[in-house]
Amino acid sequence: MSNHPATAANPVIPGFHPDPSICRVGEDYFLACSSFEYFPGIPLFHSRDLVNWTQIGNALDRPSQLNLPAGTLSSGGLYAPTLRHHDGLFWLIVTNVSGGGNLVYTATDPAGPWSEPVPAPGVPGIDPDLAWDEEGNCWCTVAGVAQVRFDPRTGETIGEPYPVWSGTPGAAAPEAPHLYRIGGNWYLMVAEGGTERGHAVSIARGPSPSGPFEPCPANPVLTHRGTNRPVQNTGHADLVQAPDGSWWMVLLAVRPQGGTPGWHVLGRETFLAPVTWDDGWPVIGEVGPELPELPWAPGPGEPEPSRDDFGSGGLRPYWISLHDRPAELVDTQERDGWLTLRARGGSLDAPDAVFVGRRQQHLAFEARTLVDPAEGSGGLAVRLDERHHYGVEVSADGQVQVIARIGPLRVLAAETTVPAGPLVLSVRTAAAPEPHDARTGPDSLVFGVETPDGAATELASLDGRYLSTEVAGGFTGRVVGLYAASGTVRFDWFDYIPASR
Ligand code: 6LW
């Protein structure tokens, strides 16, 4: 299933796919992103042209691989991974801030299966990176920035961690380190400035994996801070060399919309930038909504199917749930061609609500679903976290409600009664009114219902700023999906129809 939008552009992997880590094997590129409180964890993508990416699975797709305790809140769980290929194996190291710390997984095929986790208790902090020297020694570098010799097969560290070059003196949050052997130098690249508007990428080089490192005179080599560029928060990058010798960077960035401060609703997305070299230092090309000039012709990309009909093949890899996905709560077998959800506790206010969704990957979209609420209540929602979500919910007696959760407030935004029985629920974005001013939000979310007689009713239009990171905080982005609030609710199909990039 391609995540490739209809037209080749940046972000190359839209929607909340932050902290990208990339490696290449022959003609094939593979990329992993953070996934936080969602299960399965760590989405994995494949490309042959750096533009068209197809999700080939999720590395942590078994409960034994991913411990997200019931109390795990949004933006907990899995932080930044590093994906590398070495000695015939794919290596993934990632931090589970809610259960287990730094963990190493391996696979012969990045599409899976991936191994059980190997704990790395001696690796401190977050954002672990793996790099090997010519002798096969492995060096693990983490946010801060610190480094420790490491055996990724056993998870054992060799010696104590020690500080290494940590970016621009005084810059906030030196993190996302990646270590590379390029030519006769070792390069250490970091993110700094924090993952918001001050985000930046800096780099240093030295004679050995542990330095000493000389900072690039042009640092930061990439930042959009203080600019009016449409793409902001550029940082958390990784480098890869193409088979033709050219160099490329994948990085996270956001697309703020509306008035001040600019609201981003899709989370931090994966962008592509060209890299050239000058006097042994990388020079990062433009990071914008257009694709960089490529020395090859990207493929056409796969058309993205808009309908999920929940056939017996199970859910496509882009479907994500909160913390886990027990078969007794999320079932595509019980009624052929339907997704059956059984509620666990209360509404979407619960951090582990029974919710199955997909990342909103387009600034404008529509989603629709046919729901049978005969044995419970549930519906269609847009979720940022357990305290920021909007949903249209139907119950067995035909009552339909639009419910908005905004921080401490839970508001009944609309309600109506329809004949009991299966019906279609819908949500779509509506552009903010022009001309924009300082108060303009990013969009509105319009919720509706369609009864079996074909009558469609729009029930409520809700300001989208309250489902933005600037309001809610955190590291994720909007997820649109289906949930059970009580009893058992069944969904026949789900349409996600992009209406923009
Ligand atoms: C990640 C850190 C960061 O570990 O945010 O933007 C954290 N950078 O590198 C979660 O994405």
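Analysis parameters
Residues numbered from 1 in each chain as written. Predicted model: local features only at pLDDT ≥ 70, side-chain atom pairs only at ≥ 80, totals over all residues. Heavy atoms only, no water. Helix = DSSP H or I, 4+ residues; strand = E, 2+ residues; numbered from the N terminus. Rg over C-alpha atoms; globule rule 2.2 N^0.38 Å. Buried < 20%, exposed > 50% of the residue type's maximum accessible area, 1.4 Å probe, protein only. Contact = heavy atoms within 4.5 Å. Areas by Shrake-Rupley, 256 points an atom, 1.4 Å probe, with all protein chains shown as cover. Pairing = 2+ DSSP bridges. Axes fitted to C-alpha atoms, helices over the stretch in contact; angles between N-to-C directions. Near = heavy atom within 4 Å. Polar contact = N/O pair within 3.5 Å; in protein donor to acceptor, adjacent residues only side chain to side chain. pLDDT = per-residue confidence, 0-100. Domains from an automatic or database assignment. Buried area = accessible area lost by both parts, 1.4 Å probe. Salt bridge = Lys/Arg side-chain N within 4 Å of Asp/Glu carboxyl O. Nonpolar A, V, L, I, M, F, W, Y, C, P; charged D, E, K, R; others polar.

**A few points about the overall build of the protein chain**
Part 1 of the argument: A tally of regular secondary structure across the protein chain gives 1 helix and 35 strands.
Part 2 of the argument: Its C-alpha radius of gyration of 23 Å places the protein chain within 12% of the 23 Å reference for a compact globule of 501 residues.
Part 3 of the argument: Based on the C-alpha atoms only, the size of the protein chain along its principal axes is roughly 75 × 50 × 45 Å.
Part 4 of the argument: Across the 501 residues in the protein chain, those meeting the buried criterion constitute 59%.
Part 5 of the argument: Partitioning the intrachain contacts of the protein chain with sequence separation of at least 6 by distance along the chain shows that 58% fall at a separation of at least 24.
Part 6 of the argument: Approximately 17600 Å² of the protein chain is accessible, and the part contributed by carbon and sulfur atoms is 53%.

**Section: the sheet that holds strand β20 (residues 247-254)**
Part 1 of the argument: The 4 strands are arranged β19-β20-β21-β22 in an open sheet whose pairing can be described as antiparallel. The outermost strands of the open sheet, each flanked by one partner alone, are β19 (232-241) and β22 (281-284). Averaged over neighbouring strand pairs, the angle between their axes works out to 35° when direction is ignored.
Part 2 of the argument: Pairing of β20 with strand β21 (residues 269-278), which is carried by 7 bridges, proceeds in the antiparallel orientation.

**Observations concerning the site of the ligand**
Part 1 of the argument: Not every one of the 13 residues close to the ligand is listed here, only the nearest: Asp19, Asp127, Thr195, His236 and Arg268.
Part 2 of the argument: The side chain of Thr195 places a nitrogen or oxygen atom 2.7 Å from an oxygen atom of the ligand.
Part 3 of the argument: Side-chain polar atom of His236 to an oxygen atom of the ligand: 2.9 Å apart, as the coordinates give it.
Part 4 of the argument: Contact with the protein chains hides 98% of the accessible area of the ligand, taken as 300 Å² for the molecule alone.

**Section: the confidence of the model for the protein chain**
Part 1 of the argument: Residues at a pLDDT of 70 or more form 99% of the protein chain, whose mean pLDDT is 96.
Part 2 of the argument: Scored below 50 in pLDDT, residues 1-6 makes 28 contacts in the model with residues more than four places away or belonging to other chains.

**Overview of the pairing of strand β32 (residues 423-431)**
Part 1 of the argument: The element β32 is largely enclosed, with a buried count of 7 among its 9 residues.
Part 2 of the argument: As defined by bridge partners, strand β28 (residues 365-385) adjoins β32 across 6 bridges and the pair is classed as antiparallel. Each residue of the ladder has a partner; that of Thr369, found in β32, is Leu425.

**Quick notes on the environment of Gly481**
Part 1 of the argument: Tracing the sequence through the fold places Gly481 in strand β35 (residues 479-498).
Part 2 of the argument: Here the alpha-carbon distance between Gly481 and Leu188, two residues 293 residues apart in the chain, equals 40 Å.
Part 3 of the argument: Apart from the residues within four sequence positions on either side, Gly481 is in contact with Phe355, Val356, Gly357, Gly379, Leu380, Ala381 and Phe494.

**Some remarks on the domain arrangement of the protein chain**
Part 1 of the argument: As far as domains go, the protein chain holds domain 1 (21-284) and domain 2 (307-498).
Part 2 of the argument: Averaged C-alpha coordinates put domain 1 and domain 2 at centres separated by 32 Å.
Part 3 of the argument: Counting from both sides, the interface comprises 34 residues of domain 1 and, opposite them, 40 residues of domain 2.
Part 4 of the argument: For the pair domain 1 and domain 2, the two sides together bury roughly 2900 Å², of which 59% comes from carbon and sulfur.
Part 5 of the argument: On the domain 1 side of the contact with domain 2, Tyr38, Trp263 and Val265 bury the most area, a combined 26% of that side's loss.
Part 6 of the argument: Between domain 1 and domain 2 we count 2 salt bridges in total.
Part 7 of the argument: Counting across the domain 1 and domain 2 interface gives 17 residue pairs in polar contact (both at pLDDT 80 or more).
Part 8 of the argument: The set of elements that each furnish at least two residues to the side of domain 1 that touches domain 2 consists of β3 (38-39) and β5 (54-60).
Part 9 of the argument: Its residues assigned to classes, the side of domain 1 that touches domain 2 shows 14 nonpolar, 16 polar and 4 charged.

**Brief notes about the pattern of salt bridges**
Part 1 of the argument: Tallying each qualifying case throughout the model produces 28 salt bridges.
Part 2 of the argument: Of the charged contacts, one joins Arg205 and Glu214 as a salt bridge, the two residues approaching to 3.3 Å between their closest N and O atoms.
Part 3 of the argument: Looking at Arg205, the relative accessible area reads 14%, which means it is buried.
Part 4 of the argument: By relative accessible area, Glu214 is classed as partly exposed at 38%.
Part 5 of the argument: The residue Asp324 makes a salt bridge to Arg344 at a minimum N-O spacing of 2.9 Å. Residue Asp324 is located in the loop between β24 (320-322) and β25 (330-331), and its partner Arg344 is located in the loop between β26 (339-342) and β27 (354-359); the two are separated by 20 residues in the primary sequence.

**Re the sheet that holds strand β7 (residues 89-96)**
Part 1 of the argument: If you trace the 4 strands from one edge of the open sheet to the other, you get β6-β7-β8-β9, paired in antiparallel fashion. Sheet topology places β6 (82-86) and β9 (118-119) at the edges, where each strand pairs with a single neighbour.
Part 2 of the argument: Here β6 runs beside β7; their pairing, made up of 5 bridges, is antiparallel. Opposite His86, over in β7, you have Leu89 as the bridge partner.

**Some points on the side chain of Gln65**
Part 1 of the argument: Relative to the helices and strands, Gln65 is located in the loop between β5 and β6.
Part 2 of the argument: The buried category is assigned to Gln65, whose relative accessible area is 2%.
Part 3 of the argument: Here Ala59 takes part through its backbone oxygen, which lies 3.2 Å from a polar atom of the side chain of Gln65.
Part 4 of the argument: When sequence neighbours within four positions are dropped, the list of residues in contact with Gln65 reads Ala59, Leu60, Tyr105, Trp114, Ser115, Glu116 and Pro117.

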